[in-house]
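Overview (structure and organization)
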Amino acid sequence: MRKVITVLGGVLISTSLFAVGSGWFSSIFSSEKEDILTFIPADTAYYVGGDSLDNIAQLMNDSSLINVSPRLADQLKGSLASIDDSDSPEARFFSYLMTQYESSNKSGLADVAKSVGISLTGSYALFSDGIMPVMRIEIANEDAFNVLIENAVKDSDWHYSWEEFGETKVRLWSLEEGVSLAVLNNANGVVITIVTEKDTLEAKQQRLGLIKPEASLATSEEVENLKKQYGYTGDMIGFIQIDRIIQAFVAPTESHLGHDLLTYLPQRQFNRFQSKMSEQCRSEYREISATLPRFVTGYQVLEIGKDLTSYRTRVHSILEIENEAVTLSLQNAQGHLPLHSTIATDKLAAFGVGVNASNLTSEVMSLLDQFVSAEYECDVLQYLQADIQDVDPYVLATTTPFAQGVKGVGISLFDLKMEEGSRLPASVDFLISITAENPKTFVQMAQNFPFIPQTKLPEDGSLVTLDLPPDVPVEVNAAIKGQHVVIFSGKKSTASANDMVTEPITNNSLVGMAFNFHKLGELLSSDNLNTLASSLPFDDACSMQYELSHMFQSLNTENGLLLRAGSEGLTTIHSSYLDKTKTKDLNLVGEYNVAFLNDDCEWQGKSEEESTEDHIREDGTGLYVVKGDADMCDLYVSNYSWKQNGNVLVINSQDQDRDSCETELSKTEQETYSCYLVDEKDAEFQCVYSFDGYLSVEKYTRAKD
């Protein structure tokens, strides 16, 4: 079972990187061929699929996805090692695939697609056939795909066998006795799934797409109905059938998924689980699960800029709830989410909570009473009812009396500048707002707490400077703006606070958050943040700061997320705007002076005691030297060969070193390093090295002639 989990994890990670990166999950059957939905069972437990269009392919053609950093790459590979032996053939196989993605991603998704043969356009699907996962992706070059597989096999020593289905041959990798990973590919596409000795021939053929199910998503029209119901585009639609999954465990003989649970799960344990479930519990579990039918998600907007350099998306998701009393309670508890906490265009980040504090206690009690008063015959549910009856919901009411009348809270961070050489900020541009039915009454009640400044706020909106301790480095103001109490500091926050005068209270959302990753990256790259970063109790805090800065700046995206309660359930809206990442062709050949990022987050370059130089030659060789005693001797010498794969510089080195000029250089040792190129400029670039999870950041500056 551990190998099965390892491989499923590897398939999910590596195939997602290639497929999402190269074709937004493309598939074996494009819209011009057979409808992919005809191959997906109507009773699938989950599904995500859609169509990747030509304009998306053009947008992403010369752009990479998120640059895979050394730490992230190690974590992805380590996720396999944590499940199975990191040196197992299976782990090495998927580690090779992820390394190939890292190597080709920097040059653009066209190179990713070219290196693995995956198409940049077409349909795609990930779904379940009974209990088994199936992924279908379109490929444009079968030869390239086969080369990738054969190279991964050679590198990992994880070999496959062939199984024939008429004229079709399928690769099988053994996972454990009787269970195999199956990959079928031809000129059109590839199908990846799991097959077992317990499968019937028909079950294998359906899973591999050689025959179609009698009832499919095409015949059920579920996907088309979701488009109409929620206004989804065809770019991506997904769902998880929660009710269907629970029903399979409760009544396994009544569905395809249930039959698979009986067939493939350990029978003794599953039968014991079934024997302990009374008929009353089965019936009542089914009734409860019917109120949570499914989780659904999909694009409502995917707009590509006219110049093909940007795109805007809105992804809608909903946990459907078919219980009117529950949805009504959630809507009554929902409050006003301040508008400034929903966007990050002009700020670093924002967060808000919209809760009607006056209704919160009564609605929580209403939900508890609904469950406790239900006449269940299932002993498990009766025990749960008894436990809930022992909970005193009035505890919530007694702990938040000052919040009566509060509708929502929002926090926005517009800007942050650090004092040089200090852990404290030189300035903070921020806004905190509390929306209330009666702001004046709220302020009076809040001042009963000893940590709240004793300040009277004029009702005419005039601002008051708060009397704060002298060690607070910034001036903080407060005011009542319309129905909002605002606390702020800075020019941008002042303008935003003034805008709230006309902002009405609406029952709009429960939670909201927004991030501007490019601005966050610029903040993290500030030298004045180094003192704070160096004082953090983390290993590699300085290199982590630098790594995150590069990743965030390369994203160049704004993201917002809203959680809302409605009559149909709990809805999330994820909005994003992204300028595509531009790739650079940097000629690395030349002579460089090298500086190191030390534990104080400062660049340590040439000094009287030590200096470092690197000579990168055009013939693919190089010489890296650390000199000591005012350049009197070489303390470290690396004669190496190098090869650039996208944003990764692979170095095979012959190393020698010594502690001082008085000792001899050590015997030559062969080492292989990976340098992740970041922040490339004409005159300099940085290398991030990863040594068993430890990061070292080096700055290369071209030596002047």
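So, a few notes on the structure that sits alongside this text. (Residues numbered from 1 in each chain as written. Predicted model: local features only at pLDDT ≥ 70, side-chain atom pairs only at ≥ 80, totals over all residues. Heavy atoms only, no water.)

A few words now on the overall build of the protein chain. Assigned secondary structure in the protein chain consists of 22 helices and 28 strands. The burial tally for the protein chain puts 48% of its 705 residues in the buried class. Restricting the contact set of the protein chain to residue pairs at least 6 apart, pairs at least 24 apart contribute 64%. A total accessible area of about 34,500 Å² is found for the protein chain, and carbon and sulfur atoms account for 53% of it. (Helix = DSSP H or I, 4+ residues; strand = E, 2+ residues; numbered from the N terminus. Buried < 20%, exposed > 50% of the residue type's maximum accessible area, 1.4 Å probe, protein only. Contact = heavy atoms within 4.5 Å. Areas by Shrake-Rupley, 256 points an atom, 1.4 Å probe, with all protein chains shown as cover.)

If you walk through the whole model with that rule in mind, you get four disulfides. For C633, the disulfide goes to C661, at an S-S distance of 1.7 Å. With the S-S bond torsion at -75°, the cross-link from C633 to C661 turns out left-handed. Of this pair, C633 sits in strand 24 (residues 633-645) while C661 sits in the loop between strand 25 (648-657) and strand 26 (669-678), and the two are 28 residues apart along the sequence. Owing to a relative accessible area of 11%, C633 belongs among the buried residues under this scheme. On the basis of relative accessibility, which here comes to 22%, the residue C661 falls in the partly exposed class. Shown here is the disulfide that connects C675 with C687, its sulfur atoms set 1.6 Å apart. (Disulfide = S-S within 2.5 Å.)

A separate point is the pattern of salt bridges. A side chain of one charge can pair with a side chain of the opposite charge when the charged atoms of the two come close. Counted according to the given criterion, the structure contains 13 salt bridges. A salt bridge links K204 to E163, with the shortest nitrogen-to-oxygen separation between them at 3.5 Å. Taken together, the residues K204 in helix 7 (residues 201-207) and E163 in strand 4 (residues 161-165) connect sequence positions 41 residues apart. Using a relative accessible area of 13% as the deciding quantity, one classes K204 as buried. As a salt-bridge pair, R294 and E222 come within 3.0 Å of each other at their nearest N and O atoms. Linking R294 in the loop between helix 13 (279-289) and strand 9 (295-304) with E222 in helix 9 (residues 222-230), this pair joins segments that are 72 residues apart in sequence. Here R294 matches E222 in class, with each residue buried. Here the salt bridges share partners, and the residues they tie into one network are E222, R294 and E320. (Salt bridge = Lys/Arg side-chain N within 4 Å of Asp/Glu carboxyl O.)

What follows concerns the nonpolar core. Residues F93, L97, W158, W173, L181 and V190 are the most contacted members of the largest nonpolar core, which totals 25 residues. At the level of secondary structure, the elements contributing two or more residues to this core comprise helix 4 (89-105), strand 3 (132-138), helix 6 (142-156), strand 5 (168-176), strand 6 (179-185) and strand 7 (189-196). When residues in this core are grouped by element, the largest group, five residues, is from helix 6. Among the nonpolar cores identified, the runner-up in size contains 19 residues, and C675, L677, F685 and C687 belong to it. (Core = buried A, V, L, I, M, F, W, Y, C linked by side-chain atoms within 4.5 Å.)

Attention now moves to the packing of aromatic side chains. Following the criterion strictly, the structure yields 18 aromatic pairs and no others. Members of the aromatic cluster, connected to one another through ring pairs, are F93, F94, W158, Y160, W162 and W173. The ring of W162 has K169 lying over it, and the distance from NZ or CZ to the ring centre is 4.5 Å. (Phe/Tyr/Trp six-rings, centres within 6.5 Å; stacked < 30°, edge-to-face > 60°. Lys NZ or Arg CZ within 6 Å of the ring centre and 35° of its normal.)

Notably, D157 is not glycine yet its phi reads approximately 65°, a positive angle. We classify D157 as partly exposed; its relative accessible area is 49%.

Here we come to the environment of N559. Structurally, the position occupied by N559 is in strand 18 (residues 557-566). Judged by its relative accessible area of 16%, N559 falls in the buried class. Once residues within four sequence positions are removed from consideration, N559 is found in contact with M513, A514, F515, F517, H574, S575 and S576. Side chain to side chain, N559 and T557 meet in a polar contact 3.2 Å long. One polar contact links N559 to H574, side chain to side chain, over a distance of 2.9 Å. (Polar contact = N/O pair within 3.5 Å; in protein donor to acceptor, adjacent residues only side chain to side chain.)

In contact at an axis separation of 9 Å, helix 15 (residues 357-373) and helix 16 (residues 379-389) are set at 140° when each is read in the N-to-C sense. By the angle between their directions, the pair helix 15 and helix 16 is classed as oblique. Crossing angle aside, the handedness with which helix 15 passes helix 16 is left-handed. Across the interface between the two elements, L368, F371, V372 and S373 of helix 15 pack against L381, L384, Q385, I388 and Q389 of helix 16. Within the contact of helix 15 with helix 16, the residues separate by chemical class into six nonpolar, three polar and no charged. (Axes fitted to C-alpha atoms, helices over the stretch in contact; angles between N-to-C directions. Parallel < 35°, antiparallel > 145°, perpendicular 65-115°, else oblique. Left-handed = near helix turned anticlockwise from the far one by under 90°. Nonpolar A, V, L, I, M, F, W, Y, C, P; charged D, E, K, R; others polar.)

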